[in-house]
Amino acid sequence: MRIAMFSTKTYDVTYFDRANATHGHELTYFEPRLLEATAALAAGYPAVCAFVNDHLDAPVLAKLQAGGTRLIALRSAGFNHVDLEAADALGLTVARVPAYSPHAVAEHALAMILSLNRKLARANNRVREGNFSLEGLLGFDLHGKTVGIVGTGKIGRIFAGIVKGFGCRVLAYDPFPHPEVEAISTYVPLATLLAESDVVSLHCPLTPETYHLIDADAVERMKPGAMLVNTSRGALVDTLAAIEGLKSGRIGHLGLDVYEEEENLFFQDLSDRVIQDDVFSRLLTFPNVLVTGHQAFFTAEAVTAIAETTLANATAFETGEGTLHRVTSDQIA
Ligand code: NAI
């Protein structure tokens with residue numbers, strides 16, 4: 001199948017070419033993001049492969065469909081960036097990678113927690129400048145602290161096991177409790193989780209219900225000085241409310257792998273440009289904020305699995321054999 005691959009980087013080419021040895025699709029790699037202005041690149045391609053910051057709104061989907069596209073193969077688990085109702089109405093099939101390595105994301109969340117707590121970025125900079133002072137580097141034992149997990153799906157479950165292994169008390173909030181997590185944690189209402197947790201880690205999807213789940217009210221409910229970590233989707237957190245929380249000290253540490261306005265920043269080298277996003281720039285002024293550019297998924301194991309499942313979705317769509325991980329506006333496979 002001819003597949004137009006958008007937002008591609010060198011690592012996409014490496015891992016997709018490798019996985020494609022067993023699938024035999026015809027892959028064309030486009031560096032630009034998929035937007036209304038670039039959708040024409042996909043004309044004549046029955047399949048389009050898109051990543052998390054590509055635009056898959058109704059006008060883009062209509063252009064793709066008019067150009068002959070029938071399959072949108074997302075190389076991500078999240079699908080909040082796709083107008084599924086428009087896709088359904090246009091007769092476009094949307095597929096995703098439901099799980100590739102939940103360990104990659106859970107481990108990155110832990111890396112952010114340890115790094116923020118023990119101030120590794122600051123310490124590293126200091127030592128490189130010959131400054132071995134420990135002033136300002138005081139951390140806390142994670143052992144014995146309360147960690148609150150919002151969303152105990154595939155990633156949240158693994159994260160629960162990891163922090164349990166550190167000797168933490170684990171609280172969880174999810175409308176659908178999972179027995180594995182019930183065995184090692186206590187499910188509580190969100191307000192209780194926020195009030196009692198020393199560390200809050202977000203692992204739920206972005207939906208209309210979870211948009212700005214952490215808003216000014218939620219920040220006020222947090223335990224004073226608590227750490228907030230978001231490796232899920234940027235818009236779960238109202239960034240302005242988080243900044244106010246950092247200024248007041250209500251939020252003691254903030255770790256973000258995702259940011260609500262990330263699409264014009266992340267996955268690019270902007271080091272010789274002026275950042276135009278003042279809210280993002282403000283975030284970077286806090287010594288107790290750690291930002292990574294949506295890299296939680298980025299392990300060799302995860303990227304291998306993403307390429308394999310994406311191409312398997314295309315094969316299943318083309319041949320009718322094998323599993324097609326389809327998402328529609330009313331059903332997720
Ligand atoms: P999943 O679908 O296995 O689990 C999501 C869980 O969130 C489910 O148990 C669901 O019941 C729960 N949930 C839904 N609404 C909720 C609410 N209002 N409050 C609390 N919990 C709620 O998803 P998975 O694989 O664990 O991924 C979680 C999220 O992580 C994805 O939606 C995606 O946005 C994000 N992600 C981020 C990556 C990164 O590189 N930073 C990579 C992969 C996923």
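Residues numbered from 1 in each chain as written. Predicted model: local features only at pLDDT ≥ 70, side-chain atom pairs only at ≥ 80, totals over all residues. Heavy atoms only, no water.

**Q** I would appreciate a short explanation of the site of the ligand in the present structure.
**A** In the vicinity of the ligand there are 23 residues, among which Tyr 100, Lys 154, Ile 155, Asp 174 and Thr 231 approach most closely. Side-chain polar atom of Lys 154 to an oxygen atom of the ligand: 2.9 Å apart, as the coordinates give it. Measuring from a nitrogen atom of the ligand, one finds a side-chain N or O atom of Asp 257 at 3.0 Å. When the free accessible area of the ligand is taken as 870 Å², the share hidden by the protein chains comes to 84%. Here the residues of the shell around the ligand are counted per class, giving 11 nonpolar, eight polar and four charged. (Near = heavy atom within 4 Å. Polar contact = N/O pair within 3.5 Å; in protein donor to acceptor, adjacent residues only side chain to side chain. Areas by Shrake-Rupley, 256 points an atom, 1.4 Å probe, with all protein chains shown as cover. Nonpolar A, V, L, I, M, F, W, Y, C, P; charged D, E, K, R; others polar.)

**Q** Teacher, can you tell me more about the side chain of Ser 115 here?
**A** Topologically, Ser 115 is positioned in helix 4 (residues 102–117). For Ser 115, the contacting residues outside a window of four places in its chain are Leu 120 and Leu 290. (Helix = DSSP H or I, 4+ residues; strand = E, 2+ residues; numbered from the N terminus. Contact = heavy atoms within 4.5 Å.)

**Q** Where do I start with the packing of aromatic side chains in this structure?
**A** In this description, a pair of aromatic rings is defined by centroid distance and the angle of the planes. Tallied over the full model, the rule gives eight aromatic pairs. Considering the side-chain rings of Tyr 259 and Phe 280, the 5.1 Å spacing of their centres and the 50° angle between planes classify their relative orientation as tilted. Of this pair, Tyr 259 sits in the loop between strand 11 (251–256) and helix 11 (278–283) while Phe 280 sits in helix 11, and the two are 21 residues apart along the sequence. Aromatic rings pair up to connect Tyr 11, Phe 51, Phe 267, Phe 297 and Phe 298 into one cluster. The ring of Tyr 45 has Arg 2 sitting right over it, with the charged end atom 4.2 Å from the ring centre. (Phe/Tyr/Trp six-rings, centres within 6.5 Å; stacked < 30°, edge-to-face > 60°. Lys NZ or Arg CZ within 6 Å of the ring centre and 35° of its normal.)

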